[in-house]
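# Architecture at a glance
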Amino acid sequence: MSFFGLDCVRRKERELERKLRANDREYNLSFKYATNAIKTSKYNLFTFLPLNLFEQFQRIANAYFLFLLVLQVIPQISSLSWFTTVVPLVLVLTVTAAKDATDDINRHRSDNQVNNRKAQVLIDRKLRSEKWMNVQVGDIIKLENNQFVTADLLLLSSSEPLNLVYIETAELDGETNLKVRQALTVTGDLGDDVEKLADFNGEVCCEAPNNRLDQFTGTLTCAGQKYPLDNKKILLRGCTLRNTEWCFGLVLFGGPETKLMQNCGKSTFKRTSIDRLMNVLVLCIFGFLAFMCTILAIGNWFWEVNEGSQFTVFLPRQDATDAGFSAFLTFWSYVIILNTVVPISLYVSVEIIRLGNSFYIDWDRKMYYARNDTPAEARTTTLNEELGQIKYVFSDKTGTLTQNIMIFNKCSINGKSYGDVYDYTGQRLEITESTEIVDFSFNPLADPRFVFHDHALVEAVKLENPEVHAFFRLLALCHTVMAEEKTEGELLYLAQSPDEGALVTAARNFGFVFRSRTPDSISIMEMGQQRSYELLAILDFNNVRKRMSVIVRSPEGKLSLYCKGADTIIYERLHQSCSKLMDVTTEHLNEFAGEGLRTLALAYKDLDEDYFNEWRQRHHEASTTMSDRETKLDQLYEEIENDLLLLGATAIEDKLQDGVPQTIEQLSKADIKVWVLTGDKQETAENIGYSCNLLREEMNEIFIISSNSPEDVREELRNARTSMKPDTPESMFLPERTAVNGVKLMTDEVVSGEYGLVINGHSLAYALERSMELEFLRTACLCKSVICCRVTPLQKARVVELVKKYKQVVTLAIGDGANDVSMIKAAHIGVGISGQEGMQAVLSSDFSFAQFRFLQRLLLVHGRWSYLRMCKFLRYFFYKNFTFTFVHFWYAFFCGFSAQTVYDEWFITLYNLVYTALPVLGMSLFDQDVNDVWSFQHPQLYVPGQLNLYFSKRSFFKCALHSCYSSLVLFFIPYAAMHNTVRDDGKDVANYQSFALVTQTCLLFAVTIQLGLEMSYWTAVNTVFVLGSLAMYFMVTFTMYSDGLFLMLPSAFSFIGTARNTLNQPNVWLTIFLTSTLCILPVVTYRFLWIQLYPTINDKVMFKVRQTKATPPAPPQRHRIRRTSSRRSGYAFSHAQGYGDLVTSGRFLRRPAVSRSSGFANMGRATTGFSPMGRSAGYSPTGRPQNSKAPDVEVTSLQMYRTIRDPAL
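The structure presented is a predicted model; accordingly, all values stated were derived computationally and were not measured. (Residues numbered from 1 in each chain as written. Predicted model: local features only at pLDDT ≥ 70, side-chain atom pairs only at ≥ 80, totals over all residues. Heavy atoms only, no water.)

## A closer look at the overall build of the protein chain
- Helix and strand counts for the protein chain come out as 39 helices and 39 strands.
- Out of the 1209 residues belonging to the protein chain, those deemed buried represent 58%.
- Put simply, of all contacts in the protein chain between residues at least 6 apart along the chain, 75% involve residues at least 24 apart.
- Element-wise, carbon and sulfur atoms account for 57% of the exposed surface of the protein chain, whose accessible area totals about 51,100 Å². (Helix = DSSP H or I, 4+ residues; strand = E, 2+ residues; numbered from the N terminus. Buried < 20%, exposed > 50% of the residue type's maximum accessible area, 1.4 Å probe, protein only. Contact = heavy atoms within 4.5 Å. Areas by Shrake-Rupley, 256 points an atom, 1.4 Å probe, with all protein chains shown as cover.)

## Concerning helix α28 (residues 905–915)
- Of the positions making up α28, those classed as buried are F907, I908, L910, Y911, N912 and Y915.
- Tucked into the core, α28 has its buried residues touching α11 (345–363), α27 (854–892), α29 (917–926), α33 (992–1014) and α34 (1020–1040).

## Topic: the pairing of strand β10 (residues 203–207)
- Taken together, the five bridges between strand β3 (residues 17–21) and β10 define a ladder with antiparallel strand orientation. Its bridge partner lying in β10, R18 is registered against C206.
- When β10 meets strand β11 (residues 218–222), the two strands line up antiparallel, connected through four bridges. Counted as the bridge partner of V204 is L220 from β11. (Pairing = 2+ DSSP bridges.)

## Topic: the sheet that holds β10
- Within the open sheet, the four strands sit side by side as β3-β10-β11-β12. Their pairing is antiparallel. Of all strands in the sheet, those bounded by a partner on one side alone are β3 and β12 (225–229). For this sheet, the mean angle separating the axes of adjacent strands, direction not counted, is 20°. (Axes fitted to C-alpha atoms, helices over the stretch in contact; angles between N-to-C directions.)

## Observations concerning the pattern of salt bridges
- Throughout the structure, instances matching the rule amount to 52 salt bridges.
- We note a salt bridge from D606 to K558, for which the minimum N-O separation is 3.6 Å. One end of the pair, D606, is in strand β29 (residues 598–606); the other, K558, is in the loop between β27 (547–553) and β28 (559–565), with 48 residues separating them in the sequence.
- In this structure, a network of salt bridges that share partners links the residues R547, E572, R573, E638 and E641. (Salt bridge = Lys/Arg side-chain N within 4 Å of Asp/Glu carboxyl O.)

## Looking at the environment of L695
- With respect to the helices and strands, L695 occurs in the loop between α20 (682–691) and β32 (701–705).
- Separated by 89 residues in the primary sequence, L695 and K784 place their C-alpha atoms 8.8 Å from one another.
- Setting aside residues up to four positions removed in sequence, L695 forms contacts with E686, G689, Y690, I702, G756, V758, S785 and I787.

## Digging into the sheet that holds strand β6 (residues 140–144)
- Here six strands make up an open sheet; going across it, the order is β5-β4-β6-β15-β7-β13 and the pairing antiparallel. Each edge of the open sheet carries a strand with a single partner, namely β5 (126–131) and β13 (234–235).

## Re the environment of W1069
- Note that W1069 resides in helix α37 (residues 1066–1093).
- In the structure, W1069 is positioned 67 residues away from C1002 in sequence and 9.2 Å away in space, judged by C-alpha atoms.
- Beyond its immediate stretch of four places on either side in the chain, W1069 contacts F1005, F1034 and L1063.

## Observations concerning the packing of aromatic side chains
- One pass over the full model with this rule turns up 64 aromatic pairs.
- Here F440 and F510 contribute two aromatic rings whose centre-to-centre distance is 5.2 Å and whose plane-to-plane angle is 85°, an arrangement assigned as edge-to-face. With F440 in the loop between β21 (428–429) and α12 (455–462) and F510 in the loop between α14 (498–509) and β24 (512–518), the pair connects residues that are 70 residues apart, well separated along the chain.
- Overall, the relative accessible area of 8% leaves F440 in the buried class.
- When its relative accessible area of 0% is taken as the criterion, F510 is described as buried.
- Note on F878 and F951: the rings are 6.4 Å apart at their centroids and 10° apart in plane angle, and the pair reads as stacked. Placement of F878 in helix α27 and of F951 in the loop between α31 (943–946) and α32 (953–978) is noted, with a sequence separation of 73 residues between them. As far as burial versus exposure is concerned, F878 and F951 are alike and both buried. (Phe/Tyr/Trp six-rings, centres within 6.5 Å; stacked < 30°, edge-to-face > 60°.)

## Considering helix α23 (residues 773–781)
- The buried fraction of α23 amounts to nine of the nine residues, a majority that puts the element mostly inside the structure.
- The set of residues buried in α23 consists of E773, L774, E775, F776, L777, R778, T779, A780 and C781.

## As for the side chain of K872
- Structurally, the position occupied by K872 is in helix α27.
- Judged by relative accessible area, which is 7%, K872 ranks as buried.
- For K872, the side chain forms a polar contact with the side chain of D927, separated by 2.7 Å.
- Excluding residues that lie within four positions of it along the chain, K872 makes contacts with M923, D927, E1014, M1015 and S1016. (Polar contact = N/O pair within 3.5 Å; in protein donor to acceptor, adjacent residues only side chain to side chain.)

## Looking at the UniProt feature "binding site: Mg(2+)" (unreviewed entry) in the protein chain
- Residues annotated in UniProt with the feature "binding site: Mg(2+)" (unreviewed entry) correspond here to D396, T398, D816 and D820. Judged by maximum C-alpha separation, these annotated positions cover 425 residues in sequence but sit close together in space, the widest gap being only 10.7 Å.
- Relative to the helices and strands, D816 resides in the loop between β37 (810–815) and α25 (821–826).
- A relative accessible area of 1% means that D816 is categorised as buried.
- Polar contacts involving the side chain of D816 include one to the side chain of T400, which spans 3.4 Å.
- The residue D820 is located in the loop between β37 and α25 in this model.
- Residue D820 is classed as buried on the basis of its relative accessible area, which comes to 0%.
- Leaving out residues up to four positions away in the same chain, D820 has contacts with D396, K796 and G815.
- For D820, the side chain forms a polar contact with the side chain of K796, separated by 2.7 Å. (UniProt positions renumbered as here; feature names shortened; annotations may be inferred.)

## What about the packing of α33 against α34?
- One way to put it is that α33 packs onto α34 with a least axis distance of 11 Å and a crossing angle of 170°. By the angle between their directions, the pair α33 and α34 is classed as roughly antiparallel. Contacts between α33 and α34 involve L997, Q1000, T1001, L1004, F1005, T1008 and L1011 from the former and V1026, L1030, Y1033, F1034 and T1037 from the latter.
- Per-class residue counts for the contact of α33 with α34 are eight nonpolar, four polar and no charged. (Parallel < 35°, antiparallel > 145°, perpendicular 65-115°, else oblique. Nonpolar A, V, L, I, M, F, W, Y, C, P; charged D, E, K, R; others polar.)

## So, the packing of α28 against α34
- For the pair α28 and α34, the least separation of the axes is 11 Å and the interaxial angle reads 155°. If you check the angle between α28 and α34, you find them roughly antiparallel. α34 is crossed by α28, and the crossing has right-handed handedness. Between α28 and α34, the residues in contact are W906, F907, L910, V914 and Y915 and S1029, M1032, Y1033, V1036, T1037 and M1040, respectively. (Left-handed = near helix turned anticlockwise from the far one by under 90°.)

In structure tokens, the structure reads:
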């Protein structure tokens, strides 16, 4: 039951295992399993008001103002009207509640959209369309191609041979390559026969709901037989069915119990560090307020005892009023009068400033991505200044740093490098969008999206260069790609790794078109001729071998072994005759690696028929043995993969998003540490780390943590830490300091040099255990950059939480998929990339935009400006209000501690509302120390925000001391100046009303000049606000003190004629000038000496700006970051072991393809209307149909090979 939006769980015991029966709702309902409805919203119609008010009154200031309101309705205490507090309090509560309601309404809409999706459910022996929210555990549902998986399902049957289905798991792990799932044979025989499915009553006993994405254990009992279930038979919610016409599944977990929702993490109420500091400061202010009121109450008691009796003649008292009771009332009266130390207008102004700075992000055209029509969006308005304090950035890889586009960029064939473009003088040219591309029109089966610029390679193909032909023949034969050709000539490649797809597509464009395969043959089109090769063996890839080979027999009967893999692995197996070619190819490989490309070496050998038959027999025996099978197969592979002949090497670019290396470099200069948390394999993540400048060959050392036991992981972490800091103690007693809340915080340790850390998922699981988490954190924080591979969504969140727990820093998480949601929610700031992997990350984020490169502008410009403005605002706001309030304190000693106000009531009312509101808002919305160009030129300007240098407890107390000094000047200078003073005409000017007017005028001038000193960037708006506020003060003052208003309401406008009678005296203006000067002089002196002796980075840059007459230098031209590094193989970095077995077993086979002809036009230009469906340079393994017409703009991100999901889904 769900009441008031809160799930009331009636089960007393935690679920240890799950039991369910297919097609038996009554049986399954007895266990009270969760339905498939999800709920991410916080409120409903009944709970919104009480819950929201409860949350808002957790802010200490709101509770304080509610307390003041209660005091003000007591007439014996209050000297101010109750509405002066209730109106602003209600306004603040209403505005905040409206914003919270809007956010929650959006969450409700999102929930409703998902819960109301339709699914075909087998009910009463018929397939019925039901809403997702009504699907229950034990139901059998039907999924069709390109549909989202409704819940966590046990796959029963599918339309594909051997009951295979293809799924995309981008929402879970960020990977876009297709994965395969296969149903049990016993359920696969059910097919799509509704009657058989309705009669199916199998019982499942499986694990309880958990967040482990890569594990599942359970059994299916059917017809008295038990069948084991594992992860390969499960379809998880969040996956998408691809290239499978239909499938049926049994619901195991629904809604909040699905693995996707278990990994989503909890929504937390995020507060900025300034908010948390403000709560502490407000408590200090309350304590100081109570202290001042206590002093004044004691003073009142002494005054009543010593002086009070003398006033009873003309100041009658109520009976039974003694000095003690008078002091008690005075205490509460001063609580009301001095409450302006924390005015509620502070919180109203803070919300306005945050809202305004959020609009700047929304309106920033430089963060607008025109290709997708996607602007930046500040989805929350409460965290802007936190963007200026980020120390750690946690980033996803796929879709965030990269576009997941593999581009066949360059190659080396028989000692000659292809891919670069040269002019007539032999100088290498930079390839741009205007560079001429190779014309592949001679090949009607070519992919029109494939782009290559070196015409020499296609000429070599046309001239039938044997080495070039052998090179592309190898690429067309040595792979595990599947081809689909639903209509004549329309090829669609399905690859389990994007690397393989890019290589096969490259071969396709250069005339060697892979068209189809069977378990024992591969059909390719070689330069217009259809050829079928007999596939004799696949020597499959694994992480140790780092290569794969195929053994094929050509139509002419020639036996050949084709091998591709990591260059270092291939080189060890080459024939000695290749030594010279190896040297030349090595030079090319180093050049490719220096450009951050993923390299791969290709080799082959011809086989003897008799030897192969004997080897094949031994291979068959090894593959069928039950003991030590893997070792025996590896030995056979090693035996035949030697004395290879080198063909060349390929260089693939894993397409990064634009500006990623430059962005990471800028963030690094700003002392922001970037950690990449990805679900990809270690090799993939390492390669991207080098490409995006996260890892560099110049680093002192890069540590790889990849052990499979806790002891080994601890040892590797300890060894890494010792290498970085040899003098570090071996004990686990870390240098710590205790925070206010009792959590021990690790201090930052400094190491000489730069280091990197790469840790895989298994090792990370041990490293995050309570006994080892401090060791891991300490080692990782010593490194410049950290990459965590094969991590689950919940592990991402745990890494973020670990840093938040033990490091007093601000964290930011950025990602684009549902697998990043838990990390985004866990970090102080969550940023969503609105890419092609759905909108879950964006919906859970605080800020969103389309490209990773916009992050540097969000932090270094908007974040820094927001933090700087907020800190200036708080310093100035506290200064002006403390100064305003402390004058009351000094005046109390001269008015018998009677709670008399020193200012006119109307001035008290309008001081924060009219006279000082707009100038401080103008500064807080428009001020900037330097513009955006200078901010990028000097990323070090960001560092003070990380160190809380602009606003802290120390700066707050300095501000309080400054206010104390100013209040002394503002009270005693006018007091002394007006004591026993007469006007020009000899009349007395020393009266309460004149003194009040002079004091408040001096105050307003002093705080306005102070504001001018705080402001770094004057605009027309700021000038109008400052001068207009002063003008408004004099207009209102002369109006309020006029005869007309006095005659209308004598009690409300008692200062009749005070303004014109006081402000026409020269000595009054001299007093105002002297007071303002004395208030400002120490500030100017202090700042001048401080800038001369201890200039900050801001002072230095601002001085540089003034020197250049505020004309910033042109930003340096961005050069492509080239590295001189050791080469890295890019082979099969997202490839998984075992696909060779699937291919040769026939389990990957599609339906029979349509009949086809060569389609070649004998090297002439094609005039057919062929519309290719495959991809090329930008290859994605998802295999979604694409339009054949190339877009007018450069295709980026996943547009290159992914279609937008059907909105109906």
